[in-house]
Amino acid sequence: VTGWGADPYSDPRPQGTNQNGDGFLLYPPKDGQIVTSIRWELLREGSEDYEYLLLAAGGAAPATPDQPGGCDPSTISSSRSDPTCARTESAETAAGRCTRVKKALVVYSGGLDTTVCIPALREEGFDEIHTVTVDVGQPSEDIEQATQRAEILKTQHHVVDAKMEFASDYCMTALAFNADYFGYPLSTAIARPLIAKRAAEVVEKGGPFDCIVHGCTGKGNDQFRIEYGLRLHAPEVPIRALIRERNWTRSEEIEYAERVGAPIAQSKDKIWSIDENLWGRSIEGGRLEDPNYEPPEEIFQWTRSALDAPDSPQVVEIGFECGRAVSLDGKRMDALSLIQEANRLAGLLGVGRIDIMEDRMIGLKVRENYECPGAVLLIAAHKALESLVCAPHERRFKNLVDAEWADLVYKGLWGDPLFEDLAAFAAQIQKRVEGVVTLKLFKGSLTVVGRTSPWALYSEADASFDDSSFDQNAMTGMVQTHGMSSLLYSRIQQKLDG
């Protein structure tokens, strides 16, 4: 630094030069503070050159090189905003030899919340930003859009194809538990553990990173799910949640994105927040938050309305082995292909639209819209088959197990000890969930019309009203003693009441 003007505030951007005579601009402190010290921030390191940002700190009166205590390059502090790099170095080092680079990984969907995190991180002095998009079955256009936006934002982008793993190990596991939470199939919740796991793998291979960043707000469930997964798989790396930290509203995010030129699709008129994966699609935000507002048709992409659905019903057969869906209409498929076809088929018939009031983990009651055509179809078929092969006490207890599993997964606790216990019980039951279920789909409705299994706990001879092999007289004593304690209670109550 060679000098200051007589009054550093006479020009809103005082001019100066560095050691090599190159020009720089210094932005003065706010609110009339006085400049007392400066430091360098390394912005970019090239093969033959370096790019720095010169920062000023406020306090006492400014010093100049021709005054006692003037700013001499040998006293420049190159401490960075990361305290691990805080130190006082020689002028040579301060002028371009600091190799410490602040590095962040953004778990990136390409949407508004994660997109605004990138310029916000750069404002905080992060030099190297990586982004990772985990493909769990969202539309290919979304994956391409995330890649294009990452390129515009100049991040080092990674795309991880996890569709097959998600379908086989997560969706089919959810199917074994008929994973339903307050009326909708768990979809977003079952994807977060896998996204966190795969993001942690990028951290391990491309690290070290100063932090992992996600775009969850402080009002939703995903902040719990994603951070639990990241702490499970990458416990040594700090986690940042910039939307939560800055307390941004969605409108403020949009304003910030427009101000810094970040590529987004939302506007203040179309402010929908959408999350998609192979198992389901959620839509929220804007006027949809009003429980009494009818969702416009434009928010739906996977399902036809009942009015636009075909005028004739369609019959579908789902085949199961060990609780896993393995065939559709007699055609054997892998998990990914089967779920994709179930989504297409059920969505065409208008099946899978869900509009509910959901109780979030932090206590907020919110309105949510979902499209889960394939999940609704497959869960209905799976439940029907379980009802055929399970004994009465098993069915009751399995319902409790399903609800407990759904609660754990809703909270993101994939891998909790109880999670493993419940999985062991379900695995035993699923051995007998084998057979074929027939369903009829028509204009948004779904009806089970048939089920068959070699493990069926059903006897046509005993159940039929036209068969005499069952001796009905044997039931007389059983019927006479039915409700004995209830009858006794009623008599005592009448006696004591006078």
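See the structure shown above.
Residues numbered from 1 in each chain as written. Predicted model: local features only at pLDDT ≥ 70, side-chain atom pairs only at ≥ 80, totals over all residues. Heavy atoms only, no water.

**Regarding the overall build of the protein chain**
Alright, step 1. When its secondary structure is counted, the protein chain shows 16 helices and 20 strands.
Alright, step 2. Of all 498 residues assigned to the protein chain, the portion counted as buried reaches 46%.
Alright, step 3. When contacts within the protein chain are restricted to residue pairs at least 6 apart in sequence, those whose partners lie at least 24 apart make up 67%.
Alright, step 4. Accessible surface, the protein chain as shown: approximately 25,600 Å² in total, 51% of it carbon and sulfur. (Helix = DSSP H or I, 4+ residues; strand = E, 2+ residues; numbered from the N terminus. Buried < 20%, exposed > 50% of the residue type's maximum accessible area, 1.4 Å probe, protein only. Contact = heavy atoms within 4.5 Å. Areas by Shrake-Rupley, 256 points an atom, 1.4 Å probe, with all protein chains shown as cover.)

**Focus: the sheet that holds strand β7 (residues 156–161)**
Alright, step 1. If you trace the five strands from one edge of the open sheet to the other, you get β7-β6-β5-β10-β11, paired in parallel fashion. Whereas interior strands pair on both sides, the edge strands pair on one side only; in this sheet they are β7 and β11 (239–241). Neighbouring strand axes in the sheet, compared pairwise and without regard to direction, differ in orientation by 25° on average.
Alright, step 2. Pairing between strand β6 (residues 128–135) and β7: six bridges, direction parallel. (Pairing = 2+ DSSP bridges. Axes fitted to C-alpha atoms, helices over the stretch in contact; angles between N-to-C directions.)

**Examining a nonpolar patch on the surface**
Alright, step 1. Taken together, the side chains of Phe-224, Ile-362 and Leu-364 present a nonpolar region at the surface, about 230 Å² in accessible area.
Alright, step 2. Among the structural elements, Leu-364 can be located in the loop between β17 (353–359) and β18 (365–371). (Patch = residues over 30% accessible without salt bridge, like charges linked within 9 Å, V, L, I, M, F, W, Y side chains within 5 Å. Salt bridge = Lys/Arg side-chain N within 4 Å of Asp/Glu carboxyl O.)

**Some words on the packing of aromatic side chains**
Alright, step 1. Evaluated as defined, the whole model comprises eleven aromatic pairs.
Alright, step 2. Between Tyr-181 and Tyr-410, the aromatic rings sit 3.7 Å apart at their centres with planes inclined by 10°, giving stacked as the arrangement. Residue Tyr-181 is found in strand β8 (residues 180–181), and its partner Tyr-410 is found in helix α12 (residues 392–410); the two are separated by 229 residues along the sequence.
Alright, step 3. Grouped by ring-pair contacts, the aromatic residues Phe-166, Tyr-170, Phe-177, Trp-405, Trp-414 and Phe-419 constitute a single cluster. (Phe/Tyr/Trp six-rings, centres within 6.5 Å; stacked < 30°, edge-to-face > 60°.)

**Here we look at the pattern of salt bridges**
Alright, step 1. In total, this model carries 30 salt bridges according to the counting rule given.
Alright, step 2. Between Arg-198 and Glu-201 there is a salt bridge whose closest N-O contact spans 3.7 Å. Placement of both Arg-198 and Glu-201 in helix α6 (residues 188–206) is noted, with a separation of three residues, approximately one turn of the helix.
Alright, step 3. When its relative accessible area of 17% is taken as the criterion, Arg-198 is described as buried.
Alright, step 4. The class for Glu-201 is partly exposed, based on a relative accessible area of 27%.
Alright, step 5. A salt bridge links Glu-276 to Arg-281, with the nearest nitrogen and oxygen atoms 3.4 Å apart. This pair shows no difference in class: Glu-276 is buried, exactly as Arg-281 is.

**Concerning the pairing of strand β20 (residues 445–452)**
Alright, step 1. The pairing of strand β19 (residues 435–442) with β20 spans seven bridges and is classified as antiparallel. Across the sheet, the residue bridging to Leu-439 is Val-448, located in β20.
Alright, step 2. Between β19 and β20, which pair antiparallel and follow one another directly, the connecting turn spans two residues, one of which, Lys-443, has a positive phi of 45°.

**Let's talk about helix α9 (residues 250–260)**
Alright, step 1. Listed as buried for α9 are Arg-250, Glu-253, Ile-254, Tyr-256 and Ala-257. Relative to the axis of α9, the buried residues are bounded by an arc of 165° and lie together on one face. Exposed and facing more than 90 degrees away from the buried side of α9 are Glu-258 and Arg-259.
Alright, step 2. Contacts from the buried residues of α9 go to α2 (112–115), α3 (117–123), α8 (242–246) and β12 (273–277).
Alright, step 3. Immediately downstream of α9, the backbone of Gly-261 shows phi near 80°, a positive value. (Arc of directions from axis to C-beta.)

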